[in-house]
Amino acid sequence: MTTTVKETGTLNGFDSTTRSIVSLTDTVVEIVSDAGEGAQKAGQSFATISAKMGNGIWTVEIIPADIQPPPRNAAGASGIRIRVGSKSVTNMGDKIDLIVAFNEQSLLGRLAQANFDPNCRIILENKWRTHPDPSIVEDYTKVYDQLVEEGYNVYEIPLEELCAEHVSNPKLGKNMYVLGMLCYLYSRDLGLAEKQVAEAFRHKSQKIIDNNLILLNAGYTWAQGNLDFRYDIPALDSDVDRIVTNGNQALALGIMASGMEMCAMYPITPATSVSHFLAEVFENVGGMVHQSEDEIAACAVAIGSSYAGKCAVTVTSGPGMSLKTELLGLATMAEIPLVLVNVQRGGPSTGLPTKVEQGDLLATIFSTHGDAPKVVMAAATIEDCFYSILTARKLAETFRMPVMVLSDANLATGQQPYPRPVFSQDWVAPPIDQRPLAEGSIPYDWDPRTGLSKRIIPGQKGGTFTVTGLAHTPDGKVAYGPMENQKSMEYRSRKLAALQQSLKTPEVTGDEEGDLLVLGWGSTKGAIDEAVARLRKEGLSVSSLHLRFLQPMASGIGDIMKRFKRVISVELNYADEPDGDIITEENRRYSNLALLLRARYLVDVQTFGTVFGQPLRPRVVEERIRQELAKINVTA
Amino acid sequence: MFGVNETQTVDYSQEYYSLEDYQSSTPRWCSGCGDNAILTAVQRLCRDEQIPPEKAVFVSGIGCSSRFPHYMGTYGFHSLHGRALPIAQGVKLRRPDLKVFVNMGDGDCCSIGTAHWIHAIRYNMNMTAIVHDNEIYGMTKKQASPTTPMGIVTNTTPKGTYMEPLNMLSATLGISNVSFVANAVEWIPEVLYEVIRQAYLHQGFSFVRVVQRCPHFLPNIFDPFLRNPDAIQILTNPGATPMSDSLKSVYKNVVENNPADINQARELSMQKDVMPVGILYQATGVPCYDELRRAPRVVSMEMRKKALEDQFNRFAVNAG
């Protein structure tokens, strides 16, 4: 069915008062445009409004790598995907139910990459149909005809023309008009929407805020008078206060809350927005954001600050982490606390700067020359981004070592509501004891069992010593004897064992034993859990296990794996498929986590690793699980 | 407030620090190495200024000269090749109470850490940086450094170095916010001490290049200056300690310099065959990044809580 709205903007004989509202429990909406047309602002606002109404949400930004890619370009499409549910939403979902496109080429880009529900409604700007350039008209008509032929519900709308009725520059305001339309179509609270628009433009003039409010209301009214469908997504009441943030905001809040006082960074996508947020507010808690001349300097400044008693964080993404690795070795060797956040993107090299990948796990664990034990954690949810930082800072100071927190592009820009953190003084570590030291105090007074030692901070009387990246003795002197290096390496390693003994075994989702166990880490948790839940409903014997500590790994993981007939890791990093050309058991390359698990537990862990640059969809996991289950039945 | 208690005060008035308080292990530098003279000058400075040993931090990179902190009785940080400056910045940014010194070699400063050098000048943070310039890589056994003169045979340039050396003085004088540039030679301890003292007293980033002999790999490279005192151009300025009579009797090439004149400083730094020794340039009132970024107030737990709750409110979705 196709409904074409006439250019006058009215739908034939349409009476909005009698229209029925279809109630949904879960839906996926996308807005796509050329870069710079504000699709993301509209979509993030729509998501925030929904979250404030109590809905579960998940957003994924569709970001081109360039600031201004050529217009009307399928590969340069910019946009956003919003999944809204009655209950908590943990991933981007599968199929698009409604998409708004500012031009047909952006839409083509999505058609090539994303799954459209057969009943997907497409709202399409139709100014291209009458464009002076005949080639544009031809392109537009071709795509339009194709969509109609494929049976989609296409609503052609003179979006820019409609906006021009209200503002002098309609190009800039289309996004808020669309937000208004969506608010009507999904029965969103218009009052909340108005507040959200004012918040989104809070750095702009009142005139700009007013214009956007006019457009919001105009879009809402127009949809009411001209579109023949309407939904609601009733939210299940929640009895807890929540906050809704994206992952980078959660990281920034965590840094604020952790008591760290220095965030040294260098701009890099997709990590930078952590610092944007912090730069505005960090001074309120006595912190500073320092933008260094390069990634290496950022890490060095953090180490300097931390050495001087003010624990520091450096926030980066893959390429930046590569540059910092020599300094990570220094922090390990010199036993200086450091928190490093790696908001992963596609690699190697410049890779996929704006896209999703979990490719840095091994690079993070083994990131420097020599044996350099450090803690590696991965946030699985947006809420985790907040709490991981609190934990990381404490571990860094207690164990005197770098703690790496992995996030990724999926968490970075995705929004999700979660329980509002309740402030605790424990988040902030107590002041470091700065009293003069007893005679004979030494900087590396290693406990022979745990490798732990008490820090000495510059300024402390009686503690003067020289930190060095050279192998050193307990009193901080350069080590020249063979046993000195052997022992100090052992102590630094022993700290991980000590931490490992304090970690809780992660909980299995589903039965504790069965046919298939799906292992994951990081942002894929939501998609894996959803796939597993669906299949369990069908009665299939599948469970999942998600790891937050990757180095060290909690005890009990090996035992859990051994209780399943087959084990597979699902990860967003590259792996050879076992049936690939010239791939044999001897040359097959496994995904990051699978390799670690195989090495540590001697379990034949299978792997499903993909690098499409997209967040994981539950349906994809589901299909793979079915295939793996089938293999068990064949071999059994 | 989390972290270090900066308000802690200790009464040092009864304590007098002697040279021994600034000494640590016996230096393992070669005999005749110019680094020894720099160490002596710096230990003297600490004693004369009565810097509490625990309040001084010497940060170094990698190379012979970067062993420096190990021989000081203060806090020290022997870091990575080229990275001394940003580590020192991290210390200074959050601990303004500490006196920060940086010791680098010519490879540290002008090769692997060049980006940090340029930016350290621009940050103009309160610290004293000493470049031990022996015009060669010593620790790795005689490779060309950016400051090695043209035509010198080294292990990586068996036919002689190909390029003119990098002039770190004129380069430094070309960077925005430069506020203190001096040149010294380790074999004139009187001027070396005076230059380091002025550098220490300077408000902002003091850049001191010390020309330093490597007796092992380039024993004769500075002979033209050692054999001919007239090739050494002593810079005096109105604020400096007057030259001793013995110094005057050897070094006749004395120039009255106005350190506020950057054009004159640049001209002095670009001379061939004559080496200026003393303060080339000094500016007052250049903004210091560490002061611009100093935390405006001590944050109480209540303030911390409020700041966080304000942010949570921004993102709040209330129950119901």
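Residues numbered from 1 in each chain as written. Chains lettered and ligands numbered in written order. Predicted model: local features only at pLDDT ≥ 70, side-chain atom pairs only at ≥ 80, totals over all residues. Heavy atoms only, no water.

*Asks:* Lay out the overall build of chain B in plain terms, naming residues and giving numbers.
*Replies:* Scanning chain B for helices and strands turns up 11 helices and 10 strands. For chain B, buried positions account for 57% of its 320 residues. Sequence-distant contacts, at least 24 apart, represent 69% of the contacts inside chain B between residues at least 6 apart. Carbon and sulfur atoms make up 53% of the accessible area of chain B, which amounts to about 13,000 Å² in all. (Helix = DSSP H or I, 4+ residues; strand = E, 2+ residues; numbered from the N terminus. Buried < 20%, exposed > 50% of the residue type's maximum accessible area, 1.4 Å probe, protein only. Contact = heavy atoms within 4.5 Å. Areas by Shrake-Rupley, 256 points an atom, 1.4 Å probe, with all protein chains shown as cover.)

*Asks:* Tell me what's going on with the packing of aromatic side chains, and back it up with residues and numbers.
*Replies:* Tallying each qualifying case throughout the model produces 26 aromatic pairs over all chains. Here the aromatic rings of Trp29(B) and Phe68(B) are separated by 6.3 Å at their centres, their planes lie at 45°, and the arrangement is tilted. Taken as a pair, Trp29(B) in the segment before helix H1 (35-49) and Phe68(B) in the loop between strand E1 (56-60) and strand E2 (75-78) lie far apart in primary sequence, 39 residues in all. Residue Trp29(B) is classed as buried on the basis of its relative accessible area, which comes to 11%. Where Trp29(B) meets Tyr71(B), the ring centres are 4.9 Å apart and the plane angle is 85°; that geometry is what we call edge-to-face. Of the two residues, Trp29(B) is situated in the segment before H1 and Tyr71(B) in the loop between E1 and E2; the sequence distance between them amounts to 42 residues. Summarising the burial analysis for this pair, Trp29(B) and Tyr71(B) share the class buried. Taken together, the ring pairs connect Trp29(B), Phe58(B), Phe68(B), Tyr71(B), Phe101(B) and Tyr200(B) into an aromatic cluster. The ring of Phe201(A) has Lys41(A) sitting right over it, with the charged end atom 4.2 Å from the ring centre. Its end group placed over the ring of Phe229(A), Arg121(A) keeps NZ or CZ at 4.0 Å from the ring centre. (Phe/Tyr/Trp six-rings, centres within 6.5 Å; stacked < 30°, edge-to-face > 60°. Lys NZ or Arg CZ within 6 Å of the ring centre and 35° of its normal.)

*Asks:* Lay out helix H13 (residues 382-399) of chain A in plain terms, naming residues and giving numbers.
*Replies:* Residue and element names in this part refer to chain A. The terminal C-alpha atoms of H13, which comprises 18 residues, lie 26 Å apart, in line with the 26 Å expected from a rise of 1.5 Å per residue. For H13, the tally of buried residues reaches 13 of 18 residues, placing the bulk of the element in the interior. A positive backbone phi angle near 50° is found at Arg400, which sits one or two residues after H13. (Expected span 1.5 Å × (residues − 1).)

*Asks:* Now, about the nonpolar core: what can you tell me, with residues and values included?
*Replies:* Judged by nonpolar contacts, the single largest core of 99 residues is most densely connected at Met561(A), Leu597(A) and Phe207(B). Sorting elements by how many residues they give to this core places helix H10 (residues 295-307) of chain A first, with eight residues. Viewed by domain, this core spans two of them, domain 2 (243-427) and domain 3 (509-635) of chain A, each represented by three or more residues. Among residues more than four places away in sequence, those in contact with Met561(A) are Leu517(A), Leu519(A), Val567(A), Leu597(A), Tyr601(A), Val603(A) and Val605(A). (Core = buried A, V, L, I, M, F, W, Y, C linked by side-chain atoms within 4.5 Å. Domains from an automatic or database assignment.)

*Asks:* Before we move on, can you summarise the interface of chain B and chain A with the specific residues and values?
*Replies:* Contact with chain B, which involves 62 residues of that partner, is made by 82 residues of chain A. Around 6,300 Å² of area is buried between chain B and chain A when both sides are counted, 59% of it from carbon and sulfur atoms. Between the two partners, chain B and chain A, sit five salt bridges. Between Arg314(B) and Glu199(A) there is a salt bridge whose closest N-O contact spans 3.7 Å. There are 30 residue pairs in polar contact (both at pLDDT 80 or more) connecting chain B and chain A. Looking at the side of chain B that touches chain A, the elements with two or more residues in it are E2, helix H2 (84-94), helix H4 (114-123), helix H11 (301-314) and strand E10 (316-317) of chain B. (Buried area = accessible area lost by both parts, 1.4 Å probe. Salt bridge = Lys/Arg side-chain N within 4 Å of Asp/Glu carboxyl O. Polar contact = N/O pair within 3.5 Å; in protein donor to acceptor, adjacent residues only side chain to side chain.)

*Asks:* An account of the environment of Val375(A) is requested, with residue identities and associated values reported.
*Replies:* Residues and elements named next belong to chain A. For Val375, the position within the fold is in strand E15 (residues 375-378). Looking at Val375, the relative accessible area reads 0%, which means it is buried. With 44 residues separating them along the chain, Val375 and Ala331 place their C-alpha atoms 12 Å apart. Sequence-distant contacts of Val375, that is, excluding residues within four places in its chain, are made with Leu395, Met401, Pro402, Val403, Met404, Leu496, Leu499, Phe549 and Gln551.

*Asks:* How would you explain the pairing of strand E4 (residues 127-133) of chain B if you had to name every residue and give the values?
*Replies:* Residues and elements named next belong to chain B. The buried count for E4 comes to seven of seven residues, which makes it a mostly enclosed element. Here E4 shows a buried face lined by Met127, Ala129, Val131 and Asp133 and a second buried face lined by Thr128, Ile130 and His132. Pairing geometry for strand E3 (residues 99-105) and E4, over five bridges, is parallel. Of the residues in E4, the one forming a bridge with Met104 is Val131. By the bridge criterion, seven bridges tie E4 to strand E6 (residues 205-211) in an arrangement that is parallel. Within E6, the position partnered with Ile130 by the bridge is Val208. (Pairing = 2+ DSSP bridges.)

*Asks:* Residue-level account of unusual backbone geometry, with values.
*Replies:* Residues and elements named next belong to chain A. Between Thr269 and the following residue, Pro270, the backbone shows a cis peptide bond with an omega angle of 0°. Among the structural elements, Pro270 can be located in the loop between strand E11 (262-265) and helix H9 (273-281). Put simply, Gln551 and Pro552 share a cis peptide bond, and its omega is -5°. Within the fold, Pro552 resides in the loop between strand E22 (549-551) and helix H17 (557-562). One non-glycine residue, Arg72, lies in positive phi territory at about 50°.

*Asks:* Explain the sheet that holds strand E19 (residues 508-509) of chain A to me, and be specific about the residues and the numbers.
*Replies:* Residues and elements named next belong to chain A. With respect to topology, five strands assemble into an open sheet ordered E19-E21-E20-E23-E24, the strand pairing being mixed. Two strands close off the open sheet at either side, each with one partner strand: E19 and strand E24 (606-609). Here strand E20 (residues 514-521) runs beside strand E23 (residues 564-571); their pairing, made up of five bridges, is parallel. Within E23, the position partnered with Leu517 by the bridge is Val567. In this fold helix H16 (residues 525-537) packs onto E19, E20, strand E21 (542-547) and E23, with an angle of close to 165° to the strand it touches most, E21. (Axes fitted to C-alpha atoms, helices over the stretch in contact; angles between N-to-C directions.)

*Asks:* Explain the domain arrangement of chain A to me, using residue names and the numbers behind them.
*Replies:* All names here are of chain A. Structurally, chain A comprises domain 1 (3-232), domain 2 (243-427) and domain 3 (509-635). Taking only C-alpha atoms into account, the centre of domain 1 sits 35 Å from that of domain 2. Listed as interface residues are 18 residues of domain 1 and, on the opposing side, 12 residues of domain 2. Taken over both partners, the interface formed by domain 1 and domain 2 buries close to 1,200 Å², and the fraction arising from carbon and sulfur atoms is 52%. Of all residues in domain 1, Ile57, Trp58 and Ile63 bury the most surface against domain 2, accounting for 41% of the area lost on that side. If you look at where domain 1 meets domain 2, you find zero salt bridges. One can count nine residue pairs in polar contact (both at pLDDT 80 or more) joining domain 1 with domain 2. For the side of domain 1 that touches domain 2, the element with the highest residue contribution is strand E4 (residues 56-62), accounting for six residues.

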